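# Coordinate analysis (summary)
So the chains spell out like this:
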Amino acid sequence: MEENRTRNLAALIGLALFFAVAVVAVPPLRSATDRARSIYTAGQTEDVLRERNTSAFAQILGEARATAADLMFIKTNRYLHTGVAYVPKQGRDLAIDSVDESKHFSACVGAATQIRSAAEDFRGFLGNLERTVKPYKEASAEHTHTAKTELLPWYRLMTLSNPQYIRGYRTGGSTLASEEKWRQALGFMEEGIARNQGNPELFLLYQTLASFHLRGKTHKGYPWGDAWLDNALKAALKAYELGKIQRPPLGKTGAIAKDLAWSLDLEDDFCFSAHVILLLLREKGDVEGALQYGREMVELAPNYQPIRRTFEDLKKRAEGHADSKEDRAS
Amino acid sequence: MNEPLAHERSACERLALSSVASVLAVARLTWLDFLRRKDFYVVAVFMLLFVLATAVVRIIGIDKASTARFLMSAGLSLSHFFAAFLAASFSARCFPEEFDRGTLMPLLAKPISRAAALTGKIVACFLLVVAGYVLFVGANLLALPMTPGQEWTALAQVVCLQTIGLALLCTTAMTLSLYLPTLVSALIAMTWHFGAGLVVNLVKQSVALDHAEGLRAAEGLRAAEWRAMTERLLSCLPDATLLSHTEVFAGAAGHLSGPLFLGLAVYGLAWALLFYVWAVRRFSRMRL
């Protein structure tokens, strides 16, 4: 009896010690593991994921994916199109609007469906059966979209399951903003920024944030009034500075400057942020500042025409401004 | 003075040797028992199908490194999944089946302690599962070449940590099977093995969300304290997903640092040991 009691006591003490050590040692171990994984996650850029999701093997495996967030993104795309499965297109074929990620899903009339059309289907009766029992629409027909608000919980879940899923924060934030849920959208994007410090794609979140504030110019419901200009400028500058660290010389596709394999989409987003800075500084009346940035940007991206055009316009304005000053002085 | 000590030592040694012999005998029996069943072969056939498909793809030609990485990642994840399935299925069935068939009493009537019987069964399950896992991984590597950036060190680390994870799964499933029916314990062990990370992540994220602010304010807790408390509580749960780094290898993201690898190995082994001790205690006290 006594021996049993002693054994039980020893077991309890052992267990207490085990958990005491776990409480002290596991949190740093977990964060070290997260850091090690973030190196891998950093390589899983939107382009890499898109390339993987469009590969023939991913198509064969259907919707099986290694990460829950990626799987949910695919599901969300499916729900958006009222269940109709379209063949995902890659990169620039998709007519991506860098201002609004949510447009990723729209404006794709003509996109092939995963279930073949009757004209292209060799399966005859089986093909007809599949088109009848599964959600299907002719590729040439206008896409029907479910209400975007219905999809919002998916973005929340995506980012909960993987806080480094930048794609989820961008699309979710843009969707919230397009539904004029301003404060929620800002909160969502700020949460993404807070949880992705050190993520090489962080500049994309700032770029989306800049786009978000840019809406303030035209949308009456924007709750921060005239502050849209400063807010957008601040976000765009941050996107530009962070993007510059990752961007290889001349934005060469496939090159790696730090942690990211640069792509055309990343280049588009980076140049968009840069261009927005020029436009906002011009809007603010800070032509000198805009010219200073413009010179740097033209050197960085000499082939990006919008920046070049805005820069030329700024130069003309500055010359005109100088002339009028001289006139007034004389 | 020295003679009795020498005599005692030899008695201890004899006891230890007989314990090891008992464990090995039980392990051998369990190994043979499970090898006679279809589970292992069914799983091996599924794995073989995947490997064959991969080999066909390789013959046709893999044009992109990303495709090769994707296939490698799928192959290694599938190997782990099948091995985990075997681990949960074998370990959770060991004792309930013996109870049902009434074959445990004759075994324990022999000079074999309960601890030795349990250890033997765990050892057999673990070895069989590891053999399966190594076989599956080997078949994958034969079918698919490693791409630039994928390191042997990382592969060795992945296999080592997954093996420890499988040991943890074996002990967890066996411990649960001493309380619950076979299927329930196997399902719980499998679900926790693969889903613990997701649950921990969801809990961690949800306490950091805005709606938790009210709760924190009501309890007079600051955000940082609240997060630290949750983190500590979550540390008391076994999380085998910490040991899964297949993507780090397949995604050609280098390898884990030495201290991190060692820390993770110790973490997995400590939890496996805890479940083993728990199972031994439970089994030793069970009324048969």
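Look a little higher up for the structure.
Anyway, here's the lowdown on the structure attached to this text. All residue numbers here refer to positions counted from 1 along the written sequence of the relevant chain. The order in which chains are written sets their letters, starting at A; the order in which ligands are written sets their numbers, starting at 1. Totals for whole chains, interfaces and linings use every residue, but because this is a predicted model, local features are given only for residues with pLDDT of at least 70 and side-chain atom pairs only at 80 or more, for both listing and counting.

## What to know about the environment of Phe275 of chain B
All names here are of chain B. Secondary-structure assignment places Phe275 in helix 11 (residues 258-285). Residues with at least 20 neighbouring C-beta atoms inside 10 Å of their own are called buried, those with 12 or fewer are called exposed, and the rest are partly exposed, where every C-beta is derived from the backbone. Under the C-beta neighbour-count criterion, Phe275 is labelled buried, with 23 such atoms within 10 Å. Along the sequence, Phe275 and Thr175 sit 100 residues apart, while their C-alpha atoms lie 6.5 Å from each other. Here contacts are defined at the residue level, using C-beta atoms placed from the backbone and a cut-off of 7 Å between them. With residues up to four places along the chain from it excluded, the contact list for Phe275 reads Leu168, Thr171, Thr172 and Thr175. Numbering goes from the N terminus for both helices and strands, where a helix is a DSSP run of H or I of at least four residues and a strand is a run of E of at least two.

## Notes on the nonpolar core
We call a set of buried Ala, Val, Leu, Ile, Met, Phe, Trp, Tyr and Cys residues a nonpolar core when their C-beta atoms link them within 7 Å. Membership of the largest hydrophobic core comes to 73 residues, with the highest contact counts inside it found for Ala87, Cys125, Val129, Leu169, Cys170 and Ala173 of chain B. Where this core is concerned, the elements lending two or more residues are helix 1 (2-35), helix 2 (39-60), helix 3 (65-101), helix 5 (114-143), helix 6 (152-177), helix 7 (182-207), helix 10 (246-250) and helix 11 of chain B. Sort the elements by how many residues they give to this core and helix 3 of chain B lands first, with 16 residues. In contact with Leu169 of chain B, other than residues within four places in its own chain, are Ala84, Ala87, Ala88, Ala189, His193 and Ala240 of chain B. Residues Ala177, Leu204, Tyr206 and Ile277 of chain A belong to the second largest nonpolar core, which totals 51 residues.

## Concerning the packing of helix 9 (residues 202-214) of chain A against helix 11 (residues 264-284) of chain A
Residue and element names in this part refer to chain A. What counts as an axis is a line fitted to C-alpha atoms, over the stretch in contact for a helix, and the angles between N-to-C directions run from 0 to 180 degrees. At a minimum axis distance of 10 Å, the contact between helix 9 and helix 11 shows a crossing angle of 45°. Viewed along their axes, helix 9 and helix 11 adopt a mutual orientation that is oblique. Remark: the crossing between helix 9 and helix 11 carries left-handed chirality. Of helix 11, the residues touching helix 9 (which contributes Leu204, Gln207, Ala210 and Leu214) are Asp269, Phe272, Ser273 and Val276. A breakdown of the residues in the contact of helix 9 with helix 11 according to their chemical character gives five nonpolar, two polar and one charged. For this classification, under 35 degrees means roughly parallel, over 145 means roughly antiparallel, 65 to 115 means roughly perpendicular, and everything else is oblique. Handedness of a helix crossing follows the sense of rotation of the near helix relative to the far helix, less than a right angle counterclockwise being left-handed and clockwise being right-handed. Only Asp, Glu, Lys and Arg are considered charged, only Ala, Val, Leu, Ile, Met, Phe, Trp, Tyr, Cys and Pro nonpolar, and every remaining residue, Gly among them, polar.

## A look at unusual backbone geometry
Residue and element names in this part refer to chain A. Of note in this structure, Glu180 is not a glycine but carries a positive phi near 60°. Summarising the element assignment, Glu180 is placed in the loop between helix 7 (166-178) and helix 8 (182-195). Even without being a glycine, Leu250 presents a positive backbone phi close to 60°. Its place among the elements puts Leu250 in the loop between helix 10 (228-246) and helix 11. Taking the number of C-beta atoms within 10 Å as the measure of exposure, Leu250 has 14 and is therefore partly exposed.

## A few points about helix 11 of chain B
Each α-helix turn comprises 3.6 residues. Residues three or four places apart therefore point the same way. Expected helix span is taken as 1.5 Å per residue step, with the number of steps being one fewer than the number of residues. The first and last C-alpha atoms of helix 11 of chain B sit 41 Å apart over 28 residues, in line with the 40 Å expected at 1.5 Å per residue. Considered for burial, the residues of helix 11 of chain B that qualify are Leu264, Tyr267, Gly268, Trp271, Ala272, Leu274, Phe275, Tyr276, Ala279 and Val280 of chain B.

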